[in-house]
Each structure stands twice: as C-alpha cells, then as structure tokens.
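Take a look at the letters that make up each chain.
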Amino acid sequence: MSLINKIGLGTVQFGIPYGVSNKNGQTSVQEVKSILEFAKKSEISCIDTASGYGTAESTLGNNNLESFDVISKFMPSNSEESIKIQIETSLKKLKLDTLYGYLSHRPLGLLDTPKDWYDLVELKEEGKVKKIGFSLNEPIELERLLDKEFIPDLVQVPFNYFDNRFKDHLIMLKANGCEVHTRSAFLQGLFFTDVLNLPVFYDSVKEEILELQTQYKERLSAALLRFVLFSDFIDKVIIGVENLEQLQTNLNSISLDVTLPSKNFEFSKEIVMPSFWPKK
C-alpha cells in the first residue's frame, strides 16, 4: 500500500466551520466537488463523515460516492431515533445503499443502551454496513467497551506527534484484526498556529510548537503526516481539508524525505483533546 492509499478524507469542514486554524469557514459545495474529484484521481478510497457534521452528509450526497468506502457515525439512540433510523437517514443523505463503516460518535452511550450495539450487529448482518465500531477520544472508553465484549471491526482515534495515548491499544487491536483509523494528525491545526498569539492555556506546549515550526518551516505538515503514515499499526490516516489546494499540498508533501525525532511527550489531556480548549 502506498502512503497516499493510507490517507482518508475527513469531511467535518464540509458541513460546519471547524478547526482552530480555520480562517475560511465552511467549505463551499463547488470546492467539495473539486476535492472529491481530485481525491478519486489520487486513489484516495476512504471518506469519513458523520451525522453530527452539520450538512456534510447531504453535501457529499450531491456527488457520486460509489468509488469510495464511506464511513459515517451516529449519536446515541433515543425514543425518536434508533440506530436503524439514523443509518437510513444517513444513507438517504449520502445517496448510498450501504456504508463501509458505521461508528458510535459517543461510544460510552453504548454502555447505557447496549441495545444500540446489538442493533449495529444486526445492521452488519443485514449488509447495511460492512464494519462497525467506535470513534474514541480517550483510552478508558475503549477499555470499558471491550470489558463489555463490544468488539469493534473498526476504530477511529486521535493520534499525532504530541498524542500517543492510544498506541498500545491500537497495536493490540490491529493484531486482533481490527481496522485502525486515526485523526488529528495536525491537532486541529494547533501545530501551525502563531504561538505568540495563543492564550496562556497553551503555555505547556508553546515551546515545542515553536521549535517544530522553526526547524521544519514549510515542511512541518509533511513531517507530521509522515510520522503517522509510517506507523505500521495504522490502516488509514483521516485528514480534513478546507479546500483543494490544502489536499494537493498535503499529498505532495508525503514524498518529502523528512522525519521527526522519536520523543515520548506527556502533555495533559487538556492540551491534546480539543474539547478542553478555550472557546473562541
């Protein structure tokens, strides 16, 4: 498998303005079309989306997705929206008959409503989805789910140069046949922000970011991306882009011969988990 084949296209920017370094807002419908056409020509086969990504599913559905493996995510069920209703809604928006993957966007909800997991298993048996699993934020979530014998075919977790909290878990899952996808290779753009303008909240990481920016300059995105792509326990690296130029730049950068030194960072979860970051 080539490195580009390991890239998956994240689509949250297609449905909402997203990312700490996002200056352009939500990606336009025409730009999405251009991105998808280029992704297809570049032999990117995986698209990652979610019902919680605003209008992303509907925007994607305006394009021919037959050549892609499409993964979506669902929210915990309620009296009005079971998992089976949610997948039918997503399939309708995407204009697809089946999904490659269907992941719980709030996986701890499965512990409160285990029927959701068994509904997922049924959807897999019915051929509505090929692989089921979780989109995770913390290792403890995975540990609790595995304790309940909810065994995933596919997981997606954050993983980047500053954040290797899931590494041992991913190696174990991969060895047991689970497909491993990672996101946040650029930590929602934090690696590229102007350190001098970051709030004091980020003080513990400013020096490391500035050192990376100074040493790697325009090659930093390549170094960060290659760091994740060369991890043999990872099957797909999901990257989000705001426009076609970003995707082209990221794919071109993969061929650069640039490597980050091995380090074991131990930043707090407040730093590596954007959900804890100060709101703008």
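Note: the structure precedes this text.
Now for a look at the structure at hand. (Residues numbered from 1 in each chain as written. Predicted model: local features only at pLDDT ≥ 70, side-chain atom pairs only at ≥ 80, totals over all residues. Heavy atoms only, no water.)

## With respect to the sheet that holds strand 8 (residues 236-240)
In space, the eight strands of this closed barrel follow the order 1-2-3-4-5-6-7-8, with parallel pairing throughout. Sheet twist, expressed as the mean angle between neighbouring strand axes with direction ignored, is 30°. As judged from the three bridges shared by strand 2 (residues 46-48) and strand 3 (residues 69-74), these two strands associate in the parallel manner. Paired with I47 across the bridge in strand 3 is V70. (Pairing = 2+ DSSP bridges. Helix = DSSP H or I, 4+ residues; strand = E, 2+ residues; numbered from the N terminus. Axes fitted to C-alpha atoms, helices over the stretch in contact; angles between N-to-C directions.)

## Thoughts on the side chain of K206
Locating K206 in the fold gives a position in helix 8 (residues 203-216). In this structure K206 comes out as buried when scored by relative accessible area, which is 16%. A polar side-chain atom of K206 sits 2.9 Å from a polar atom in the side chain of D203. Leave out the neighbours within four places in its chain, and K206 touches V195, L198, P199 and V200. (Buried < 20%, exposed > 50% of the residue type's maximum accessible area, 1.4 Å probe, protein only. Polar contact = N/O pair within 3.5 Å; in protein donor to acceptor, adjacent residues only side chain to side chain. Contact = heavy atoms within 4.5 Å.)

## Brief notes about helix 3 (residues 83-94)
An α-helix turns once per 3.6 residues; consequently, residues spaced three or four apart project the same way. Helix length check: helix 3 (twelve residues) gives 16 Å between terminal C-alpha atoms against 16 Å at 1.5 Å per residue, within 8%. Taken together, the buried residues of helix 3 touch helix 2 (56-61), strand 3, strand 4 (99-104), helix 5 (115-125) and strand 5 (129-135). Two residues or fewer after helix 3 comes K95, characterised by a positive phi angle close to 60°. (Expected span 1.5 Å × (residues − 1).)

## Some words on the pairing of strand 5
Buried residues dominate strand 5, accounting for six of its seven residues. Here five bridges tie strand 4 to strand 5, and the two strands are oriented parallel to one another. By the bridge assignment for strand 5, L99 is matched with V129. In the sheet, strand 5 pairs with strand 6 (residues 154-158) via three bridges, with the strands oriented parallel. By the bridge assignment for strand 6, F134 is matched with V155. Each parallel crossover has a hand, and for strand 5 linked through helix 6 (residues 139-147) to strand 6 it is right-handed. (Right-handed = clockwise from strand over helix to strand, strands pointing away.)

## Some details on the pattern of salt bridges
Side-chain pairs of opposite charge can arise where the charged atoms are in close proximity. Across all of its chains, the model carries twelve salt bridges by this definition. A salt bridge links K128 to E88, with the nearest nitrogen and oxygen atoms 3.2 Å apart. In this pair, K128 is assigned in the loop between helix 5 and strand 5 and E88 in helix 3, connecting sequence segments 40 residues apart. Given the relative accessible area of 25%, K128 is considered partly exposed. E138 is the partner of K269 in a salt bridge, and the nearest nitrogen-oxygen pair spans 3.3 Å. Taken together, the positions of K269 in helix 11 (residues 269-272) and E138 in the loop between strand 5 and helix 6 put the pair 131 residues apart, joining distant regions of the chain. Here K269 falls in the partly exposed class, since its relative accessible area comes to 34%. (Salt bridge = Lys/Arg side-chain N within 4 Å of Asp/Glu carboxyl O.)

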